[in-house]
Amino acid sequence: MKRKDIINIAVIAHVDAGKSTLVDALLSQSGVFRANEEVVDCVMDSNDLERERGITIYAKNCSIEHNGLKINIVDTPGHADFSSEVERIMKTVDTTILLVDSSEGPMPQTRFVLQKSLEQGLKPILFINKIDKKDQRAEAVVDMTFDLFADLDATDEQLEFPIVYGIAKEGIAKKEINDDSTDLTPLFDIIKEHVAVYPNRDDEPMQLQVSSLGYDDYIGRLGIGRVTRGIIKQGQHVSVAKRDGSIARGKISKLFVNEGLKRVEVEEAYSGDIVIFAGIADISIGETIGPVDQVEPMPLIEIEEPTLSMNFLINDSPFCGKSGKFVTSRHLLARLDKELEVNVGLRVEELPEKDGFKVSGRGELHLSILLENMRREGYEVAVSKPEVLMRNVDGVLHEPVEKVIATMPDTYSGTVISKLNLRKGQMVSMETETETGYTKIEYLVPTRGLLGYRSDFINETRGEGTLVRSFDSYQPHFGEIPKRGNGVLVSQQAGTTMAYSLFNLSERATMFVGPSLEVYEGMIVGKNSRVDDMVVNVCKNKKLTNVRASGSDDAIKLLAPKEFTLEEALEFIEGDELVEITPDAIRLRKKVLNAQDRVKANKAKGL
């Protein structure tokens, strides 16, 4: 295999800015797909959950060739919960393409990904996307992005960033907004002008730092990283500089590079290329490999610490094992260990008193994606309310704070501001757009205060508002935050729900279950209109008699029950409740199922 000129680029942006769509267009216009090949949108989002939710969860590599130049492309996640994926890959690329929406401008996560890019000394290319929008304000967005660069202490060289305007969905890029371009040629030209080809360092001793991990059922753990110098060969014996400072030995059993969307096995790879290798079972993020006894460790890649934790417990409800294949703590541990192979933003600790594990991650979405994957694989698990991870800084308790940008019709802005203030939020800015009738507010809110807020926000804005969150900093503890204002209805006994009892209960509660559904004692079946919990019998049917009266036997009409997504369920529960997650259902339940036992438990806690 002959050496090629190589440039590595990462596409970075806030969620929904069009990263995966731009990568689709780059792949399409470089001849990766056959003429008769059926291509799906966001082809890099290959995971089922990525397709369903329309977001990128895992950073993924592909490569294209353009006029003899090999360009490795990394498509990165935009959601704040997966920012650890972005941090790691910055050391493997020569530049980044920063996508910014032509009407929204820079968003909170734009700041985070750009900061990581600038810290590595990279010189980004700015791509103003979606210039076909009616409300586009491309010139103003360029100025806003320049201000963001300046705020992040960009060097003079980084501030001279090239600007491309485009419509990623149509595969169009323009150097000036009024150009007649119909393809991405201007973007390819700017990449070649702006980014130097990786220098030929093949003659130097081999060095590679692992930036990502993968897993293959047949060949085990995979290390992914850029060959900083030298040539790496299949079958080569290497030394590994570990995270703890020790040196280990290993052998490269398999070696792959990216060609288009495919992973191709090769005998050797050259300096500058991004490679995937197998053979070192305990390889980890940030570790450096090199020739035997000659390895030079590169600075370790620091991974941001988790901000949220929840307990993963074995499912001990009466319905345990009805639909899942994996229900024991041994199964649970094996699955979490497998996740740790590739998910470096995760922490797992065994709970001392219970059959379960404390799992910590970067946010609700980060952990709920793991739970959703486990559920689809046949696991049953009970999960506690998410808890924020505090830090002790110089003897003072600190907690994570998030930046929140909320946009909603003016009518609802007062309600949203009031609710965020109750949750200990601090307003940073407020703008009212008189033309559109929308208000945009920016807040700093403790993560604790945002648990369970998304569904409230949707209800308060009648679904017309948008809420964007991203981690900002750790600040001194904000004090007590109000909890959920409603109690719940708890099933009194096991049985099948009856329309008659549900109809009578629905006058004072929002029901979570419909008729003819199996329930058990301690299962949560509705939300009470009052603060207290209420034990109810949802299995009670109407007494049958021989007496008939006009109107007494009319058909009962029930409102549709409230159905929870996994994230909504995790947001809803309180400290004495659990979410029961199985392949076929998401149920809410009390930790202590028996009503009398719950009373005793509460007395013991002094409640």
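Treat the numbers as computed from the prediction; the structure is a model and nothing was measured.

A. Structural view of the side chain of Ser413. Counting through the fold element by element, Ser413 comes out in helix H10 (residues 410-422). A polar atom in the side chain of Ser413 sits 2.9 Å from the backbone oxygen of Asp410. Residues contacting Ser413, with those up to four places away along its chain left out, are Met408 and Thr439.

B. A look at the sheet that holds strand S12 (residues 247-251). The strand order across the open sheet formed by eight strands is S12-S11-S17-S8-S9-S16-S13-S14, and the pairing between neighbours is antiparallel. At either end of the open sheet lies a strand with only one pairing partner, and these are S12 and strand S14 (262-265). Strand-to-strand twist in this sheet, taken as the mean axis angle between neighbours without regard to direction, amounts to 40 degrees. Where strand S9 (residues 220-229) meets strand S16 (residues 274-278), five bridges bridge the pair, whose relative direction is antiparallel. Within the sheet, the bridge partner assigned to Gly225 lies in S16 and is Val275.

C. Seen up close, the pairing of strand S13 (residues 254-259). Pairing geometry for S13 and S16, over four bridges, is antiparallel. Paired with Leu255 across the bridge in S16 is Phe277. The hairpin formed by S13 and S14 contains two residues between the paired strands, and Gly260 there has a positive phi angle of roughly 65 degrees.

D. Seen up close, the pairing of strand S35 (residues 585-590). Counting buried positions along S35 gives five out of six residues, so the element sits mostly inside the fold. Judged from the six bridges that link them, strand S34 (residues 577-582) and S35 form a sheet pairing that is antiparallel. Following the sheet pairing, Leu578 is matched in S35 by Arg589. In this structure, the hairpin formed by S34 and S35 is closed by a connection of two residues.

E. Local environment of the sheet that holds strand S33 (residues 534-536). Pairing in this open sheet of four strands is mixed, and the strands run S30-S32-S28-S33 from one edge to the other. On the outer flanks of this sheet lie strand S30 (509-511) and S33, each paired with one strand and no other. Taking each pair of neighbouring strands and ignoring which way they run, the sheet shows an average axis angle of 30 degrees. Bridge analysis of strand S28 (residues 488-491) against strand S32 (residues 524-528) gives three bridges, and the strand direction is antiparallel. Within S32, the residue paired with Val490 across the bridge is Ile524.

F. Spotlight on the packing of aromatic side chains. Tallied over the full model, the rule gives eight aromatic pairs. Considering the side-chain rings of Phe512 and Phe572, the 5.5 Å spacing of their centres and the 85 degrees angle between planes classify their relative orientation as edge-to-face. Taken together, the residues Phe512 in the loop between S30 and strand S31 (518-519) and Phe572 in helix H14 (residues 566-572) connect sequence positions 60 residues apart. Take Phe512 and Phe572: they sit in the same class, and that class is buried. Pairing Phe564 with Phe572 gives two aromatic rings, centres 5.3 Å apart and planes at 50 degrees, and the pair type is tilted. Residues Phe564 and Phe572 agree in their burial class; the two are buried. Within the aromatic cluster, the residues linked to one another by ring pairs are Phe146, Phe149 and Phe161.

What counts and how
Residues numbered from 1 in each chain as written. Predicted model: local features only at pLDDT ≥ 70, side-chain atom pairs only at ≥ 80, totals over all residues. Heavy atoms only, no water. Helix = DSSP H or I, 4+ residues; strand = E, 2+ residues; numbered from the N terminus. Polar contact = N/O pair within 3.5 Å; in protein donor to acceptor, adjacent residues only side chain to side chain. Contact = heavy atoms within 4.5 Å. Pairing = 2+ DSSP bridges. Axes fitted to C-alpha atoms, helices over the stretch in contact; angles between N-to-C directions. Buried < 20%, exposed > 50% of the residue type's maximum accessible area, 1.4 Å probe, protein only. Phe/Tyr/Trp six-rings, centres within 6.5 Å; stacked < 30°, edge-to-face > 60°.

On their own, these measurements won't tell you what the molecule is for.
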